Amino acid sequence: MRLLRSLVILALILGLVLLALKIVVPVFAWAFQLAMTLLLLGAIGFAVIYLYRKLRA
């Protein structure tokens, strides 16, 4: 439960940072959003490969 709460707080902080960046400097906001998207896609890909290997074993 504590981990979930920490993740929610982290998501809120990242959302507020993105909102502030969009207001101040749209190009940096776009780059930040792209980096977060790529990190998230990488994490999802890693999780899928990990789970696939676990299920095959």
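*Asks:* Help me understand the overall build of the protein chain in this model?
*Replies:* When you go through the protein chain residue by residue, the secondary structure sums to two helices and zero strands. Over its C-alpha atoms the protein chain spans a radius of gyration of 15 Å, topping by over 25% the 10 Å that the globule rule assigns to 57 residues. Taking all 57 residues of the protein chain together, the buried fraction comes to 4%. Accessible surface computed for the protein chain: about 5400 Å², of which carbon and sulfur atoms make up 79%.

*Asks:* Help me understand the environment of Gly42, please; the structure alone is not making it clear to me.
*Replies:* Note that Gly42 resides in helix 2 (residues 26–56). For Gly42, a relative accessible area of 42% translates into the label partly exposed. Sequence separation between Gly42 and Leu19 is 23 residues, and the spatial gap between their C-alpha atoms is 23 Å.

*Asks:* Explain the environment of Val27 here, please?
*Replies:* Inspection of the secondary structure puts Val27 in helix 2. When the C-alpha positions of Val27 and Arg2 are compared, they lie 35 Å apart, and in sequence the two are 25 residues distant.

*Asks:* Where do I start with the environment of Arg53 in this structure?
*Replies:* Looking at the element boundaries, Arg53 is found in helix 2. Its relative accessible area of 61% is what places Arg53 among the exposed residues.

*Asks:* Sorry if this is basic, but what is going on with a nonpolar patch on the surface here?
*Replies:* Judged by side-chain polarity, Trp30, Leu34, Leu38, Leu40, Leu41, Ile44 and Val48 come together as a nonpolar surface patch covering roughly 740 Å² of accessible area. With respect to the helices, strands and loops of the structure, Leu38 is situated in helix 2. Residue class for Leu38 comes out exposed when judged on its relative accessible area of 54%.

*Asks:* Explain the packing of helix 1 (residues 2–24) against helix 2 to me, please; I cannot follow it from the model alone.
*Replies:* Helix-helix packing: each pair is described by the crossing angle between the helix axes and the interaxial distance. The contact between helix 1 and helix 2 brings their axes to 6 Å, and the two run at 150°. Between helix 1 and helix 2, the crossing angle belongs to the class labelled roughly antiparallel. Contacts between helix 1 and helix 2 involve Leu14, Val17, Leu18, Leu21, Lys22 and Val24 from the former and Pro26, Phe28, Ala29, Phe32, Gln33 and Met36 from the latter.

Rules used in this analysis
Residues numbered from 1 in each chain as written. Predicted model: local features only at pLDDT ≥ 70, side-chain atom pairs only at ≥ 80, totals over all residues. Heavy atoms only, no water. Helix = DSSP H or I, 4+ residues; strand = E, 2+ residues; numbered from the N terminus. Rg over C-alpha atoms; globule rule 2.2 N^0.38 Å. Buried < 20%, exposed > 50% of the residue type's maximum accessible area, 1.4 Å probe, protein only. Areas by Shrake-Rupley, 256 points an atom, 1.4 Å probe, with all protein chains shown as cover. Patch = residues over 30% accessible without salt bridge, like charges linked within 9 Å, V, L, I, M, F, W, Y side chains within 5 Å. Salt bridge = Lys/Arg side-chain N within 4 Å of Asp/Glu carboxyl O. Axes fitted to C-alpha atoms, helices over the stretch in contact; angles between N-to-C directions. Parallel < 35°, antiparallel > 145°, perpendicular 65-115°, else oblique. Contact = heavy atoms within 4.5 Å.

Geometry only, nothing functional implied.
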